[in-house]
Amino acid sequence: MNTTSPHAAYGVLLSSNTVNARGENNTFQLQPLPYTQDALAPYISERTIQFHYGKHLAGYIENTNKQKAGTEFENMTIEEIMLHADGGLFNNAAQVYNHYFQFEALQPHREKEDTPCEKTAEAIRKEFGSFDEFKARFTQAAVTLFGSGYAWLTVNPQENKLEIIQTHNAENPLKEGKIPLLNLDVWEHAYYLDVQNLRAKYVENFWKIVNWKAVEQRYKCL
């Protein structure tokens, strides 16, 4: 596995070039979704997208711009800031990354639920025995995470295998030397407007809109 590539170092954010485009005053800008705001309904509503993507993510971007201004991080990418900053700047830059990473790997629901593609499917079978077992373990990680954070499917490059991990708040697997392939935001703002406190229902809905082609593309970059 080539873990020295730029994609591996940054966790294969497919939209990295777009996300890191600068606007006026060298600032990051909220980028358009790769689908319409109502495209994930009924599993994630247009109203949730408007708040989660349009306000929460926009807020993290705004805070990142303010906190990087005039510092050594001013001209760094979101990925570089996330990997090297700490405190409030890390929290905001990491949340920018984490949110874009999730939203680019979702797609409108199709009549037949998607399943992992070739390389991803083979790795999942090798590590977890079956796709159903993987889903069960990932679901458990997402549902049982206490407080706010994320469930992730990652590659452990030291052992060349897939792992499911939990992170709290804005933490990202790259800080632990692991490469993310898929994530699920379980901060309450990600689902409360749709299912209130029923996180398990939100996770169930998530499986209906995962874009496994995007996950496969990430994995093939490694």
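The residue numbers shown here count from 1 along each chain, following its written sequence. Where totals are concerned, whole chains, interfaces and linings use all residues; where local detail is concerned, this predicted model gives features only for residues with pLDDT of at least 70, and gives and counts side-chain atom pairs only at 80 or more. Processing note: side-chain calculations cover all non-hydrogen atoms of the structure and skip hydrogens and water entirely.

Trainee: Would you mind going over the pairing of strand β1 (residues 149-156) with me for this structure?
Mentor: Three labels apply to residues, based on accessible area from a 1.4 Å probe with only protein chains included: buried if under 20% of the type maximum, exposed if over 50%, partly exposed otherwise in between. Helix and strand definitions here come from DSSP, where helices need a minimum of 4 consecutive H or I residues and strands a minimum of 2 consecutive E residues; each element is numbered from the N-terminal end. The buried fraction of β1 amounts to eight of the eight residues, a majority that puts the element mostly inside the structure. Going residue by residue along β1, you find Gly149, Ala151, Leu153 and Val155 tucked away on one face and Tyr150, Trp152, Thr154 and Asn156 tucked away on the opposite face as well. Two strands form a pair only when DSSP identifies at least two bridges running between them. In this sheet, strand β2 (residues 161-168) lies alongside β1 in antiparallel orientation, the contact comprising eight bridges. What sits directly across from Trp152, in β2, is Ile165. Here β1 folds back onto β2, and the loop between the two strands holds four residues, one of which, Asn160, carries a positive phi near 55°. Pairing of β1 with strand β3 (residues 179-185) involves six bridges; the strand directions are antiparallel. Directly across from Ala151, in β3, lies its bridge partner Leu184.

Trainee: Just to check I follow, could you spell out the sheet that holds β2 for this structure?
Mentor: The strands making up a sheet are joined through hydrogen bonds of the backbone, oriented either antiparallel or parallel. Read from one edge of the open sheet, three strands run β2-β1-β3, paired in antiparallel fashion. Two strands close off the open sheet at either side, each with one partner strand: β2 and β3. In this sheet, adjacent strand axes meet at a mean angle of 20° when their direction is disregarded. Every axis corresponds to a line fitted to the C-alpha atoms, with the helix fit spanning only the stretch in contact, and the corresponding angles, defined between N-to-C directions, vary from 0 to 180 degrees.

Trainee: In this structure, what is going on with the environment of Thr154? I would like to understand it.
Mentor: Mapped onto the secondary structure, Thr154 falls in strand β1. We classify Thr154 as buried; its relative accessible area is 0%. With 60 residues separating them along the chain, Thr154 and Ala94 place their C-alpha atoms 16 Å apart.

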